[in-house]
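Tertiary structure, described
Okay, here's what each chain looks like letter by letter:
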Number of protein chains: 2
Amino acid sequence: MSTAEFSMIEMIKEKRLGHAHSPERMAAFVQKLVAGELPDYQVAAWLMATVFQGMTLDETTELTRLVAHSGEVLDLSTIPGPCVDKHSTGGVGDKVTLVFAPLLAVCGATVAKLSGRGLGHTGGTIDKLEAIPGFNTSLTDEQFLQQLRDHRVAVAGQTKDLAPADGILYALRDVTNTVESIPLIAVSVLSKKIAAGADAILLDVKAGSGAFMPTVESAKELSRVMLEVGDRLGKKVICVVTGMDQPLGHEVGHANEVAEAIATLKGEGPADLTDLCIHLGGLLLAASGVTRTAAEGEVRLKAAIADGSALQKFREMIVAQGGDPAVVDDPTLMPQPKFRIPVPARASGYVQRLDALTVGGAGKLLGAGRMTKGEAIDLAVGIHLSKKEGDRVEAGEPLGFLLANDEAKAAAAAEVLQQAYTIGAAQPTLEPLVKAVLGPESLVGAR
Amino acid sequence: MSTAEFSMIEMIKEKRLGHAHSPERMAAFVQKLVAGELPDYQVAAWLMATVFQGMTLDETTELTRLVAHSGEVLDLSTIPGPCVDKHSTGGVGDKVTLVFAPLLAVCGATVAKLSGRGLGHTGGTIDKLEAIPGFNTSLTDEQFLQQLRDHRVAVAGQTKDLAPADGILYALRDVTNTVESIPLIAVSVLSKKIAAGADAILLDVKAGSGAFMPTVESAKELSRVMLEVGDRLGKKVICVVTGMDQPLGHEVGHANEVAEAIATLKGEGPADLTDLCIHLGGLLLAASGVTRTAAEGEVRLKAAIADGSALQKFREMIVAQGGDPAVVDDPTLMPQPKFRIPVPARASGYVQRLDALTVGGAGKLLGAGRMTKGEAIDLAVGIHLSKKEGDRVEAGEPLGFLLANDEAKAAAAAEVLQQAYTIGAAQPTLEPLVKAVLGPESLVGAR
């Protein structure tokens with residue numbers, strides 16, 4: 001089908017009636033979508049029909065491929081070693097990439113990480129790294145590739161429009177309540193990662209109220225689709241189903257999160273963050289063929305922390321990107337807040353729940369987030385969480401501290417932080433952070 | 001819910017999940033829709049969700065009421081007698097209204113008919129009436145109401161924007177493949193008729209390939225919904241399920257259709273048109289309470305044709321609207337074509353099928369239709385169909401005649417008219433025109 005023969009009304013009808021699209025029709029669709037030739041209302045109707053009728057694995061695979069190639073696809077073929085990447089839904093306090101990138105690079109994988117700037121309660125990985133004085137996240141393609149050849153690790157801001165068709169579809173899904181569709185989510189997540197060029201991809205699939213997937217079972221279903229589509233497109237995909245959790249570690253913000261990542265690379269980080277990085281890292285080393293098993297990968301990762309080589313790799317990455325490596329020894333060289341204001345518990349008991357999004361809301365009030373593109377972020381401010389789920393707290397004892405530059409903003413943020421905590425008499429049973437792991441092997445066995 | 005609190009995304013989600021909308025939410029929706037405050041893509045997503053999830057009878061009723069009142073609602077309370085109206089999907093060669101209006105008016109009903117101009121292969125009722133020299137279809141509200149008081153019948157062009165919300169929704173449904181939804185069709189059809197103010201409404205529901213409803217069963221389902229919604233809104237509704245038929249009568253066009261209507265009012269019309277008008281008219285007289293039964297209504301209608309009173313009423317209506325009543329005695333006073341060109345059969349046999357839409361296409365080629373608003377129509381041209389389904393024809397004998405003003409156009413139209421006819425050896429069994437009738441009584445009994 002040429003684009004001249006393409007009819008969007010026919011495509012809507014085909015999907016409404018539950019029929020599968022041909023590769024030719026989908027190719028014309030993506031081409032016209034990126035060219036801006038399809039009316040929003042027709043794309044919206046097609047999206048809703050797809051929410052109801054779904055897509056076959058063949059359709060999902062082909063649409064993923066087409067969307068991935070709707071713009072530039074990063075060519076990492078000149079880079080040594082298996083290239084790995086990680087997708088996260090960008091949870092509050094998610095500094096995994098900061099730890100992950102140097103840790104995997106020193107263990108034999110190449111970590112080519114292109115990140116967008118965060119939109120929301122707190123900034124993204126790129127914003128956090130800019131808390132390091134001099135750190136340059138705006139690399140040209142050549143600088144990025146050369147750094148990968150020299151150091152096997154680079155974390156930079158996305159300059160090119162990777163998978164632009166996904167951006168168009170996602171913007172429309174967001175405002176038409178058509179986000180909740182397994183094939184559409186799979187296409188969105190995988191197309192961007194495929195455009196970013198990695199061989200092995202770790203995908204974090206959130207499950208629970210407020211996540212795309214309401215249950216662990218539905219998150220596993222999405223994972224199985226992404227594994228199969230990834231496999232058909234020649235990518236090693238691992239999916240980790242996690243809960244809609246409290247923030248990882250104790251720090252939410254920018255400079256303070258970098259400091260916590262540095263502590264983790266030194267072997268002095270919080271257990272939840274450290275364990276998750278080792279667990280996921282082991283899986284990715286095995287999936288990319290660096291080690292034979294995930295357990296072997298974990299041993300190597302732990303050793304890299306223990307012998308200081310992971311920290312050294314982080315230092316090396318900072319230098320390569322023009323930053324001041326002295327922050328590794330003295331994190332206070334990064335922007336610091338004027339005030340550290342305790343937020344005392346109003347009652348005694350156990351922390352039953354610590355709501356990540358509400359914590360993020362408090363961070364936003366302090367100036368740690370942006371809601372529109374280009375808005376400035378205060379890299380010094382944030383929240384230190386002293387108490388986390390399952391911890392005992394006495395009335396008057398600090399739940400956490402606000403890292404603030406403005407006392408009025410802090411007063412408002414304190415109230416929001418109070419609301420993030422649910423304190424009760426009973427000691428709660430903590431759910432495991434990782435609910436399920438699905439990888440190439442599990443595809444072969446019983447699902 | 002105030003319109004300020006209204007969220008279109010929430011409304012889409014509610015429908016996507018299969019929940020019913022509250023009257024308040026639908027009221028805010030219609031208000032914002034007419035104010036132009038809802039993005040097309042959100043309305044499109046909601047329409048597609050509605051196609052899949054449907055609506056409850058409560059929702060359909062309330063949305064019909066709201067859409068009917070989204071603009072002006074004609075107030076016929078000062079008009080004597082029960083006011084009746086008729087909805088037709090505007091088939092090719094459908095001159096039922098021309099016969100119906102004077103016939104029912106002389107039998108005791110008031111026929112207040114507001115029509116749009118036809119868009120398609122041939123014009124609408126208003127266009128046809130303009131073939132009568134001097135006939136004025138642009139009446140003010142006051143002129144229209146006064147004519148109803150004086151003569152119980154008026155057929156005029158719609159000047160006000162009746163049910164504007166329906167126009168907005170319909171335009172979007174047409175381009176997003178969301179037409180096929182029983183509740184959405186019911187809302188569209190009934191809201192316009194309710195805005196037009198009648199007490200008793202006859203609805204023609206087409207069934208078959210190419211119609212909104214693909215089967216007689218689905219057409220009956222739509223009918224039952226419209227009956228129930230009409231009943232809840234205080235309207236007497238009758239639904240007649242008909243096939244996607246060959247054109248009614250022998251004439252397709254404008255002046256020639258008016259001439260055929262006049263012949264029918266004289267008792268000299270084609271059997272299919274005459275029988276249908278009597279059948280439907282009897283139902284409507286009974287439904288509006290003018291007669292006790294449909295059979296009694298039929299007797300009265302036949303008498304009105306036989307004694308000349310129906311024809312006299314048509315004459316009266318023409319005079320009231322400024323037209324020349326002499327056309328009743330001499331139809332050639334209406335625009336006449338330069339040429340009457342026979343289209344000979346290419347084979348002998350029986351007419352198995354005469355496709356109405358293709359006949360309409362031939363009429364369009366001759367200049368009898370318009371595809372965009374405001375386009376001029378040639379009221380003299382059209383098609384006379386000599387042979388209809390079931391008729392025997394010999395090769396060389398005329399299938400019909402093109403009433404043309406342009407020989408080149410006629411040559412093209414002749415080819416299309418040939419394609420409208422399917423001729424075969426076997427004598428076909430003719431299907432009845434009316435497949436089912438559903439009225440208030442049938443709602444009470446078993447459906």
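As shown above, the structure is provided for reference.
On a predicted model such as this, the values are computed, not experimentally measured, just so you know.

Broken down by element type, chain A carries 17 helices and 13 strands. Structurally, chain A occupies a C-alpha span of about 70 × 45 × 45 Å along its principal axes. Counting only residues that meet the buried cut, chain A has 56% of its 447 residues in that class. Taking the intrachain contacts of chain A between residues at least 6 apart in sequence as the baseline, contacts between residues at least 24 apart amount to 78%. Carbon and sulfur atoms form 53% of the exposed surface of chain A, whose accessible area is close to 17100 Å². Computed over 42 positive and 54 negative side-chain charges, the separation of the two mean positions in chain A equals 1 Å.

Counting 134 residues, the largest nonpolar core has Phe29(A), Trp46(A), Phe29(B) and Trp46(B) as the members making the most contacts within it. Apart from residues no more than four positions distant in its own chain, Trp46(A) is found in contact with Met8(A), Met11(A), Ile12(A), Lys15(A), His21(A), Phe29(A), Met55(A), Leu63(A) and Leu184(A). Within the second largest apolar cluster, 53 residues are counted, among which are Val111(B), Ile238(B), Ala261(B) and Leu379(B).

This part is about the sheet that holds strand 10 (residues 392-393) of chain B. Hydrogen bonding along the main chain pairs the strands of a sheet, whether they run parallel or antiparallel. All names here are of chain B. Ordered by their spatial adjacency, three strands build an open sheet running 10-8-12, and the pairing between neighbours is antiparallel. Either end of the sheet is taken by a strand with one partner, and the two such strands are strand 10 and strand 12 (421-424). Relative to strand 10, strand 8 (residues 349-354) runs antiparallel, the two being bridged by two bridges. Bridge pairing in strand 10 links Tyr350 to Arg392.

This next bit is on the sheet that holds strand 7 (residues 339-344) of chain A. Residues and elements named next belong to chain A. The four strands lie next to each other as 6-9-11-7, forming an open sheet whose pairing is antiparallel. Edge positions in the sheet fall to strand 6 (251-253) and strand 7, since each has one partner strand and no second. Strand-to-strand, the axes of this sheet are offset by a mean angle of 20 degrees, without reference to chain direction. Direction of pairing for strand 9 (residues 382-385) relative to strand 11 (residues 398-404): antiparallel, over a ladder of four bridges.

Across all of its chains, the model carries three aromatic pairs over all chains by this definition. Consider the rings of Phe52(A) and Phe52(B), whose centres lie 4.6 Å apart with planes at 0 degrees: the pair is stacked. Here Phe52(A), found in helix 3 (residues 40-53), pairs with Phe52(B), found in helix 3 (residues 40-53), and the two come from separate chains. With a centroid separation of 4.8 Å and an interplanar angle of 45 degrees, the aromatic rings of Phe29(B) and Trp46(B) are classed as tilted. With a gap of 17 residues between them, Phe29(B) in helix 2 (residues 23-34) and Trp46(B) in helix 3 connect regions that are remote in the sequence. For the pair Phe29(B) and Trp46(B), a shared accessibility class is recorded, and that class is buried. A cation over a ring is seen here: Arg340(A) above Phe401(A), with NZ or CZ 5.7 Å from the ring centre.

In this section: helix 5 (residues 96-106) of chain B. All names here are of chain B. The element helix 5 is extensively covered by neighbouring structure, given that ten of its eleven residues are classed as buried. Of all the residues in helix 5, the buried ones are Val96, Thr97, Leu98, Val99, Phe100, Ala101, Pro102, Leu103, Leu104 and Ala105. Gly108 occupies a position one or two residues after helix 5 and carries a positive phi of about 110 degrees.

So, on to the pattern of salt bridges. Residue and element names in this part refer to chain A. Within the structure shown, the criterion is met by 50 salt bridges over all chains. In this structure, the salt-bridge partner of Lys387 is Glu397, at a minimum N-O distance of 2.9 Å. Taken together, the positions of Lys387 in the loop between strand 9 and strand 10 (392-393) and Glu397 in the loop between strand 10 and strand 11 put the pair ten residues apart, joining distant regions of the chain. Using a relative accessible area of 28% as the deciding quantity, one classes Glu397 as partly exposed. Sharing partners across several salt bridges, the network here consists of Lys95, Lys128, Glu257 and Glu260.

So, about the relation of the copies chain A and chain B. One copy of the chain maps onto the other through a rotation about an axis followed by a shift along the same axis. When chain A is fitted to chain B, the best match, at an RMSD of 0.1 Å, comes from turning it 179 degrees and sliding it 0.1 Å along the axis. Such a combination of turn and shift is consistent with a two-fold rotation axis. Rotation axis and chain A: the residue whose C-alpha lies nearest the axis is Tyr41(A), separated from it by 1.8 Å. When the interface residues of chain A are mapped onto chain B, 100% of them are again interface residues, pointing to one common binding face.

The next thing to look at is the pairing of strand 9 (residues 382-385) of chain B. Residue and element names in this part refer to chain B. Covered by surrounding structure in strand 9 are Gly382 and His384 together with Ile383 and Leu385, the residues of both alternating faces. Relative to strand 9, strand 6 (residues 251-253) runs antiparallel, the two being bridged by three bridges. Considered in strand 9, the bridge of Gly253 is made with Gly382.

Take the state of the cysteines next. For the coordinates displayed, the defined rule picks out zero disulfides over all chains. For the unlinked cysteine Cys277(A), the closest cysteine sulfur is that of Cys107(A), found at 12 Å.

Okay, the interface of chain A and chain B next. Listed per partner, the contact involves 20 residues of chain A and 20 residues of chain B. Buried area between chain A and chain B, both sides added, is near 1900 Å², and the carbon and sulfur share of it is 69%. Applying the counting criterion to the chain A and chain B interface returns two salt bridges. The shortest N-O distance in the salt bridge between Arg16(B) and Glu180(A) comes to 3.3 Å.

What follows concerns the side chain of Glu260(B). By secondary structure assignment, the location of Glu260(B) is in helix 11 (residues 255-265). For Glu260(B), a relative accessible area of 6% translates into the label buried.

What follows concerns the side chain of Lys15(B). Residues and elements named next belong to chain B. Inspection of the secondary structure assignment puts Lys15 in helix 1 (residues 8-16). Within the structure, the side chain of Lys15 is placed 3.0 Å from the backbone oxygen of Gly54, a separation counted as a polar contact. If we ignore the near neighbours within four places in the chain, the residues touching Lys15 are His21, Trp46, Ala49, Thr50, Gln53, Gly54, Met55 and Glu59.

Cut-offs and rules
- Residues numbered from 1 in each chain as written.
- Chains lettered and ligands numbered in written order.
- Predicted model: local features only at pLDDT ≥ 70, side-chain atom pairs only at ≥ 80, totals over all residues.
- Heavy atoms only, no water.
- Helix = DSSP H or I, 4+ residues; strand = E, 2+ residues; numbered from the N terminus.
- Buried < 20%, exposed > 50% of the residue type's maximum accessible area, 1.4 Å probe, protein only.
- Contact = heavy atoms within 4.5 Å.
- Areas by Shrake-Rupley, 256 points an atom, 1.4 Å probe, with all protein chains shown as cover.
- Lys, Arg positive; Asp, Glu negative; His and termini not counted.
- Charge placed at Lys NZ, Arg CZ, Asp CG, Glu CD.
- Core = buried A, V, L, I, M, F, W, Y, C linked by side-chain atoms within 4.5 Å.
- Pairing = 2+ DSSP bridges.
- Axes fitted to C-alpha atoms, helices over the stretch in contact; angles between N-to-C directions.
- Phe/Tyr/Trp six-rings, centres within 6.5 Å; stacked < 30°, edge-to-face > 60°.
- Lys NZ or Arg CZ within 6 Å of the ring centre and 35° of its normal.
- Salt bridge = Lys/Arg side-chain N within 4 Å of Asp/Glu carboxyl O.
- Least-squares fit on C-alpha atoms with pLDDT ≥ 70 in both.
- Disulfide = S-S within 2.5 Å.
- Buried area = accessible area lost by both parts, 1.4 Å probe.
- Polar contact = N/O pair within 3.5 Å; in protein donor to acceptor, adjacent residues only side chain to side chain.

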